[in-house]
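The chain contents come next:
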Amino acid sequence: MVTIPLGIGDWESVSQNIPRLKLNNMYLTKNPASADEFSRVCRPSLTLQTTIGDGPFYGAYSEPGVFNGDWFVVSGADLYRHTVSTGVTKLIGSIPGTGYCDMVGTIYSIMIVRDGVIYRVFDDLVTIIAMPDNKLVSSVASINGFYLFGVIDSQRYYWLEPASTVVNALHFASAERIPDNIVSINRVGDEIWFLGDKGAEVWTPTGDVDSPFIRTPGRVYQDGCHANETAVEATIKGLPSLIWVTDTKSVVISQGQPIKISNASIEEIFKSATNFRAWTFRHNRHDFYVVTCSTGTYVYDIDNGVWQNWESYEKTGWRAHLGFQDQDKTYAVDSIDGSVWKLEAGPTDNGEPILQEVAGFVPNYGKAYPCYSIDVTANIGWSSDYDVEPTLEL
């Protein structure tokens, strides 16, 4: 009997005329009893936690120590605060625009950047932070109580001192080691990473109030950033990390220096894709980087180094397109409406089927042979009704 090797990732190449080898709505876990030492497990299910606004969502933020870990979400053009301790959701202001939001916070406030404008959230009030000469902002990061704002189409960034609400016109510097523009600013541990459209450079705090940040010698890299929305800060195996889609549409992860994690299939898909955004979460001892774009949702399992495709039933991509970790729980916001999902290990997405697909093949270089039967060993789940069998299709 011939064993059919199953795919360990989702792979296709239109340019090389290679058909898709599917790993859809699944991820790998190690299983020494399996022939290839892997089991293919269903992705996290979506259970409706609450509904906030009409959606879709353009930003979601929660951080321990920032306003007691409450959720701040942008549903459509409205900003809501969900108080975790009481379960109460409150509309606190408007964040007008059409783009995705960059959201960070300190013990003093939360800053939201949307379509170049900075919004400050404090005590359930939303105000606009004016930039010198009305400059538009590409991204925001925070470290040691400071906020840093990158200027659109510029190498320049400004900093805002702790507890201050006015950006001093003289509080700026330039990330000019590479002649490009700042796309994204991110805090990685005790470092600040400036991702430009052609490369990246690293700065560190100095403790000097007049010049609070300084460029780190020898920390310049040639991996630019395609879009600020793809740059995600994460803690991977206890180490601070940064993951982003580069200017060449590859994907890199940095734990000190960038290392490419995308493969030829992902890069071919991303080449023509648009409307990128990303987030990370941890589930069942696996760390996932989730990229949603115009062609679907592509998930990198950092522990196994494998890409897979996730999607909601009869949808292009996974509805959980943005989200955050709240201690040991993970929540995601919807790409279509105002649903807020809790990620769990269940058989359905709030009653909708999760279509799991895996492909394999046996190469045959000689004459054709008939195949009269295929034996499959699988756990296809539990039925909610004794008269209804779970479905397995070949």
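It should be noted that the structure appears before, not after, this text.
Below: a short report on this structure. (Residues numbered from 1 in each chain as written. Predicted model: local features only at pLDDT ≥ 70, side-chain atom pairs only at ≥ 80, totals over all residues. Heavy atoms only, no water.)

1. Brief notes about a nonpolar patch on the surface
Residues V2, I4, L6, V358, V362, I374 and V376 make up a contiguous nonpolar surface patch of about 550 Å² in total accessible area. Within the secondary structure, V362 is located in the segment after β36 (357-358). For V362, a relative accessible area of 41% gives the class partly exposed. (Patch = residues over 30% accessible without salt bridge, like charges linked within 9 Å, V, L, I, M, F, W, Y side chains within 5 Å. Areas by Shrake-Rupley, 256 points an atom, 1.4 Å probe, with all protein chains shown as cover. Salt bridge = Lys/Arg side-chain N within 4 Å of Asp/Glu carboxyl O. Helix = DSSP H or I, 4+ residues; strand = E, 2+ residues; numbered from the N terminus. Buried < 20%, exposed > 50% of the residue type's maximum accessible area, 1.4 Å probe, protein only.)

2. Regarding the sheet that holds strand β11 (residues 102-105)
Taken together, four strands build an open sheet; the order of strands is β11-β12-β13-β14 and the sheet is antiparallel. Whereas interior strands pair on both sides, the edge strands pair on one side only; in this sheet they are β11 and β14 (125-129). Averaged over neighbouring strand pairs, the angle between their axes works out to 25 degrees when direction is ignored. The pairing of strand β13 (residues 117-122) with β14 spans five bridges and is classified as antiparallel. (Pairing = 2+ DSSP bridges. Axes fitted to C-alpha atoms, helices over the stretch in contact; angles between N-to-C directions.)

3. Notes on unusual backbone geometry
In this chain, G55 is followed by P56 through a cis amide linkage whose omega measures -10 degrees. Backbone geometry places D133, a non-glycine residue, at a positive phi of 55 degrees. Mapped onto the elements of the fold, D133 is located in the loop between β14 and β15 (137-143). Within the chain, K249 stands out as a residue other than glycine whose phi angle is a positive 70 degrees. By the element assignment, K249 lies in the loop between β24 (239-245) and β25 (251-254).

4. A word on the sheet that holds strand β26 (residues 258-260)
The four strands are arranged β23-β24-β25-β26 in an open sheet whose pairing can be described as antiparallel. Here the strands that pair on one side only, and so sit at the sheet edges, are β23 (232-236) and β26. Shown here is a sheet whose adjacent strand axes are inclined to one another by a mean of 30 degrees, direction ignored. Where β23 meets β24, five bridges bridge the pair, whose relative direction is antiparallel. Looking at the pairing, A234 lines up with S241 of β24.

5. Regarding the side chain of S241
By the secondary structure assignment, S241 is in strand β24. The buried category is assigned to S241, whose relative accessible area is 1%. A distance of 2.8 Å separates polar atoms of two side chains, one belonging to S241 and the other to Q255. For S241, the residues in contact, after removing those within four places along its chain, are V188, V232, E233, A234, I236, I253, S254 and Q255. (Polar contact = N/O pair within 3.5 Å; in protein donor to acceptor, adjacent residues only side chain to side chain. Contact = heavy atoms within 4.5 Å.)

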